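Here is how the chains run, residue by residue.
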Amino acid sequence: MDNSITKQNYWLLSTCLFSFFLTWSFAFSLFPIWLKQAIGLTGEQTGLIFSINAISALFVGPVYGYLQDKFGIKKHLLFLVAFLLICTGPFMIYVYGPLLQSNFILGALLGGIFSAVTFGCAIGLLESYIERIGRLSGFEFGKVRMWGSIGWAVATFFAGKVFNINPDLNFILASLTACIFIVSLIFVKTEVLQSMHDDEKSKSESVTIYDALNLLKLPDFWGLAVFVIGVTCVYAVYDQQFPIYFSSLFSTLERGNEMFGYLNAFQVFLEAGGMFLAPFLVNRIGAKNGLIISGIIMAVRVLGSGFAADPISISLLKLLHAVELPIMLVSIFKYIAFTFDKRLSATIYLVGFQFTTQVAASGLSILAGVMYDNLGFPTSYKIMGAVVTLFVILSWIVLKPTPIEKLSKEEVG
């Protein structure tokens, strides 16, 4: 296809991810700190918030995945996401925050729905869309995804200081940066791809509910679920309230908030470099091995956090996320592309990966909150780390081998 169209789509989709993560980071990078310090919630209440967010995503994720597989490379759902991104500031300032203080349950329910459709499931929708465009156009997903990491890092670098001035300013910035997303999305060229890949269009239109439900009968689907539930899900639950623990290690909460913003920004800048390099590594070791390596790194970070008792040690462990996430994201898409029907890539990613994560997180988030309140963060981290380690071993047994030769021939852009 026209190389200029490929380059244009690469940069426009990179800008979409950059601005999406700017918005997400301004709104949610300090979310647990906002819940505790600005709203005044306990660890258990914060855990309940994350649980409700996860349950909400249970219903949104499969719908997003199925519809996007039906739409193929059309942008209908992404324009809906763009509108909701722009609404982030007003919703958080005038609806969500006040409701959490006056009517906690109602606020938590509305917030969970908004979080799922705007961010929690929308990121999977956007990533699977970009991966599909990349396969058709000839560029690597990881090289686009790195711009999302840069966007998160840029916003997080300022979020800590802005929060200390006024938490609402971060939400205002979130809505402003969302405008970049919708403008970039408008100019993404899909017409040429549709005309050049008529078979892709017919394959997308042939996707049925039965095809999606049939995934539940596949042993390989449940093998992937073992990794997702026991490794990535427990790790995600661990990371939910990590900023609270990190901030508590400093002389003042304000200093902790500011330092977390700086550290998170540095970590995500490193993560962006990892996103650029990860495809080269995964293409050479295979997708299954990439998933196992990322799982080992997650286990090390969670267990290590149970023993780290000072800001320097916990900061070094935080930086491991910059190594783990790129390898895991690139590997999961390549594993899906090799193991399952490519027509259902969005459904598998949003159901097999994100939906399964939310199912487990909906219960584990509350349990984690109770553990934090009663056992403390270090002991809770040791228990979580042991669970992650066990499931990494199980995943090595149940995940399907992925031939390196096939991946390197078909997936290298």
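Small disclaimer: the values here were computed from a predicted structure and weren't measured.

A.B. asks: What should I look at first to understand the overall build of the chain in this one?
C.D. replies: Across its full length, the chain holds 21 helices and zero strands. In the chain, buried positions account for 60% of the 413 residues. When the accessible surface of the chain is totalled, it reaches about 15,800 Å², and 70% of it is carbon and sulfur.

A.B. asks: Just checking my understanding: could you explain the packing of helix α5 (residues 88-102) against helix α6 (residues 104-120) for this structure?
C.D. replies: Angle between the axes and distance between the axes are the two parameters that describe a pair of packed helices. The N-to-C vectors of α5 and α6 enclose an angle of 150°; their axes lie 7 Å apart at closest approach. The pairing of α5 with α6 is recorded here as roughly antiparallel in orientation. Our pair here, α5 against α6, has a crossing hand that is left-handed. Contacts between α5 and α6 involve T88, F91, Y96, L99, L100 and S102 from the former and F104, L106, G107, A108, L110, G111, F114, T118 and F119 from the latter. In the contact of α5 with α6, the residues fall into 10 nonpolar, five polar and no charged.

A.B. asks: Before we go on, may I ask you to explain the nonpolar core in this structure?
C.D. replies: Here is a general trend for soluble globular proteins: nonpolar side chains tend to be buried in one another's company. Ranked by size, the top nonpolar core spans 114 residues in total, and within it F20, F31, W34, I49, Y64, L100 and M384 carry the most contacts. Sorting elements by how many residues they give to this core places helix α1 (residues 3-28) first, with 12 residues. With five residues, the next largest nonpolar core counts A278, V282, I297 and I327 among its residues.

A.B. asks: Looking at this structure, I do not really get a nonpolar patch on the surface. What am I missing?
C.D. replies: A contiguous nonpolar patch, built from L390, I393, L394, W396, I397 and V398 and spanning about 600 Å² of accessible area, is present on the exposed surface. As for its placement among the helices and strands, W396 is situated in helix α20 (residues 377-398). Its relative accessible area of 56% is what places W396 among the exposed residues.

A.B. asks: Which parts of the structure should I look at to understand the packing of helix α13 (residues 219-240) against α20?
C.D. replies: Where α13 meets α20, the closest approach of the two axes is 9 Å, and the angle between their N-to-C directions is 160°. When the interaxial angle is binned, α13 and α20 end up roughly antiparallel. Read as a crossing pair, α13 and α20 show a hand that is left-handed. Contacts between α13 and α20 involve G223, V226, F227, G230, V231, V234, Y235, V237 and Y238 from the first element and Y381, M384, V387, V388, F391, V392, L394, S395 and V398 from the second.

A.B. asks: When you look at the environment of Y245 in this model, what are you seeing that I'm missing?
C.D. replies: Relative to the elements of secondary structure, Y245 occurs in helix α14 (residues 242-248). On the accessibility criterion, Y245 (7% relative accessible area) is buried. Measuring from C-alpha to C-alpha, the distance between Y245 and G256 comes to 9.4 Å, with 11 residues separating the pair along the chain.

A.B. asks: Just to check I follow, could you spell out the packing of aromatic side chains for this structure?
C.D. replies: By the definition in use, this model includes 33 aromatic pairs. A cation sits over an aromatic face here: R301 above F242, 4.7 Å from the ring centre. In this arrangement the basic side chain of K382 is found over the ring face of F307, its NZ or CZ atom lying 4.5 Å from the centre.

A.B. asks: What should I look at first to understand the pattern of salt bridges in this one?
C.D. replies: Pairing is possible between side chains of opposite charge, provided their charged atoms come close. Evaluation of the coordinates by the stated rule reveals four salt bridges. Note that E127 and R145 form a salt bridge whose closest N and O atoms lie 2.8 Å from each other. In this pair, E127 sits in helix α7 (residues 122-137) while R145 sits in helix α8 (residues 141-165), placing the two residues 18 residues apart along the sequence. Linking K400 and D220 is a salt bridge whose minimum nitrogen-to-oxygen distance equals 3.9 Å. In this pair, K400 sits in the loop between α20 and α21 (404-410) while D220 sits in helix α13, placing the two residues 180 residues apart along the sequence. For K400, a relative accessible area of 31% puts it in the partly exposed group. Looking at D220, the relative accessible area reads 25%, which means it is partly exposed. Overlapping salt bridges, with partners in common, bring together E127, R145 and E271 in one network.

A.B. asks: Before we go on, may I ask you to explain the environment of I5 in this structure?
C.D. replies: With respect to the helices and strands, the residue I5 is situated in helix α1. Classification of I5 as buried rests on a relative accessible area of 12%. Considering only alpha carbons, one finds I5 and K189, 184 residues apart in sequence, at a separation of 7.1 Å.

A.B. asks: Mind showing me how you'd approach α13 here?
C.D. replies: Side chains that are three or four residues apart share a direction in an α-helix, a result of its 3.6 residues per turn. Here α13 contains 22 residues, and its C-alpha end-to-end distance of 30 Å stays within 8% of the 32 Å for a straight helix at 1.5 Å per residue. Approximately 35° is the largest bend angle found in α13, and it occurs at V228.

A.B. asks: Hey, could you run me through the confidence of the model for the chain in this one?
C.D. replies: Segments scoring low in pLDDT should not have their predicted coordinates read at a detailed level. Residues at a pLDDT of 70 or more form 86% of the chain, whose mean pLDDT is 83. Confidence, expressed as mean pLDDT per element, reaches its minimum in the chain at α21 with 46 and its maximum at helix α9 (residues 167-186) with 95. Low pLDDT, under 50, characterises residues 405-413; the predicted model gives this stretch 19 contacts beyond four residues in sequence or across chains.

A.B. asks: Hey, could you run me through helix α16 (residues 287-307) in this one?
C.D. replies: In this model α16 runs 31 Å from its N-terminal to its C-terminal C-alpha over 21 residues, within 8% of the 30 Å that 1.5 Å per residue would give. Where burial is concerned, most of α16 is hidden: 15 out of the 21 residues are buried.

What counts and what doesn't
Residues numbered from 1 in each chain as written. Predicted model: local features only at pLDDT ≥ 70, side-chain atom pairs only at ≥ 80, totals over all residues. Heavy atoms only, no water. Helix = DSSP H or I, 4+ residues; strand = E, 2+ residues; numbered from the N terminus. Buried < 20%, exposed > 50% of the residue type's maximum accessible area, 1.4 Å probe, protein only. Areas by Shrake-Rupley, 256 points an atom, 1.4 Å probe, with all protein chains shown as cover. Axes fitted to C-alpha atoms, helices over the stretch in contact; angles between N-to-C directions. Parallel < 35°, antiparallel > 145°, perpendicular 65-115°, else oblique. Left-handed = near helix turned anticlockwise from the far one by under 90°. Contact = heavy atoms within 4.5 Å. Nonpolar A, V, L, I, M, F, W, Y, C, P; charged D, E, K, R; others polar. Core = buried A, V, L, I, M, F, W, Y, C linked by side-chain atoms within 4.5 Å. Patch = residues over 30% accessible without salt bridge, like charges linked within 9 Å, V, L, I, M, F, W, Y side chains within 5 Å. Salt bridge = Lys/Arg side-chain N within 4 Å of Asp/Glu carboxyl O. Phe/Tyr/Trp six-rings, centres within 6.5 Å; stacked < 30°, edge-to-face > 60°. Lys NZ or Arg CZ within 6 Å of the ring centre and 35° of its normal. Expected span 1.5 Å × (residues − 1). Bend = angle between axes of the 7 residues up to and from the residue. pLDDT = per-residue confidence, 0-100.

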